[in-house]
Amino acid sequence: ENRPLQERCLVWTHEGPPMLPPPYNDVLRILQTPGYVVVQRELTTNLPRIIPTDGRPQPSDRLRQWGGTSRGRWEGDTLVVETANFNDQVAFQGSSAALHVVERFTRVTQDRILYRFTVDDPATWTRPWSAELPMMQTEGRPYEYACHEGNYGVANILKGARAADKKAFAAPSPQR
């Protein structure tokens, strides 16, 4: 439990929101259905981001999640996604649980989406700030990503911890 969230395959800092490109496996799949948009990242295929676009309100701010809770709406050809209710365990660039993110996905050409985001967290920054990234269409399908597949480190970390426990248990008690 003392290992970082990424190392434990629970959540990745690039997943977002806001979404930042990871160093590899950066293929996205964006699906639109009635009432929802789904964003699936290649690096974290087991955690698709499901964004309701049916006008429902944000849930109570007592419900806190690693990736916050997102609600989308259309402004012309732009998908606008507002996310709030982050928990205090995932800190985007040092942010707090008060983080509020507004993302805008605008298709600018047949094979390109302009991704813009604004982050606001009065507990962290003096004012909101924004960035934008181009998303370009790629050929082919995303590959499945299995975080612990072939990960021998976890087993060895546990073996080392058990050996330390055994050694501590076998050590004589300090005399008072």
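Here's what I pulled together on the structure shown here.

The rules behind these values
Residues numbered from 1 in each chain as written. Predicted model: local features only at pLDDT ≥ 70, side-chain atom pairs only at ≥ 80, totals over all residues. Heavy atoms only, no water. Helix = DSSP H or I, 4+ residues; strand = E, 2+ residues; numbered from the N terminus. Buried < 20%, exposed > 50% of the residue type's maximum accessible area, 1.4 Å probe, protein only. Contact = heavy atoms within 4.5 Å. Pairing = 2+ DSSP bridges. Axes fitted to C-alpha atoms, helices over the stretch in contact; angles between N-to-C directions. Phe/Tyr/Trp six-rings, centres within 6.5 Å; stacked < 30°, edge-to-face > 60°.

**Points about the environment of Leu79**
For step 1, the next point in the chain: One can find Leu79 in strand 5 (residues 78–84).
For step 2, the next point in the chain: Owing to a relative accessible area of 4%, Leu79 belongs among the buried residues under this scheme.
For step 3, the next point in the chain: Counting along the chain gives 50 residues from Leu79 to Arg29, while the straight-line C-alpha distance between them is 15 Å.
For step 4, the next point in the chain: Not counting residues up to four positions away in its chain, the partners in contact with Leu79 are Val37, Thr53, Gly72, Arg73, Trp74, Glu103, Arg104 and Phe105.

**Some remarks on the sheet that holds strand 8 (residues 129–136)**
For step 1, the next point in the chain: The 5 strands lie next to each other as 4-5-6-7-8, forming an open sheet whose pairing is antiparallel. Each edge of the open sheet is held by one strand with a lone partner, namely strand 4 (69–75) and strand 8. Mean inter-strand twist for the sheet, computed between neighbouring axes without regard to direction, equals 20 degrees.
For step 2, the next point in the chain: The pairing of strand 6 (residues 100–109) with strand 7 (residues 112–120) spans 9 bridges and is classified as antiparallel. What sits directly across from Arg107, in strand 7, is Ile113.

**Concerning the pairing of strand 6**
For step 1, the next point in the chain: Two elements, strand 5 and strand 6, share 6 bridges in a ladder whose sense is antiparallel. Residue pairing for strand 6: Val81 is matched across the bridge by Glu103.

**Concerning the packing of aromatic side chains**
For step 1, the next point in the chain: Within this structure, the stated rule accounts for 6 aromatic pairs.
For step 2, the next point in the chain: Each ring, one from Phe92 and one from Trp129, has its centre 6.0 Å from the other, and the planes form 20 degrees; the classification is stacked. In this pair, Phe92 is assigned in the loop between strand 5 and strand 6 and Trp129 in strand 8, connecting sequence segments 37 residues apart.
For step 3, the next point in the chain: Among the residues examined, Trp129 registers a relative accessible area of 28% and is labelled partly exposed.
For step 4, the next point in the chain: Between Trp125 and Trp129 the ring centres are 5.6 Å apart and the planes differ by 85 degrees, which places this aromatic pair in the edge-to-face class.
For step 5, the next point in the chain: Overall, the relative accessible area of 19% leaves Trp125 in the buried class.
For step 6, the next point in the chain: Three or more aromatic residues link up through ring pairs in this structure, and these residues are Phe92, Phe105, Tyr115, Phe117, Trp125 and Trp129.

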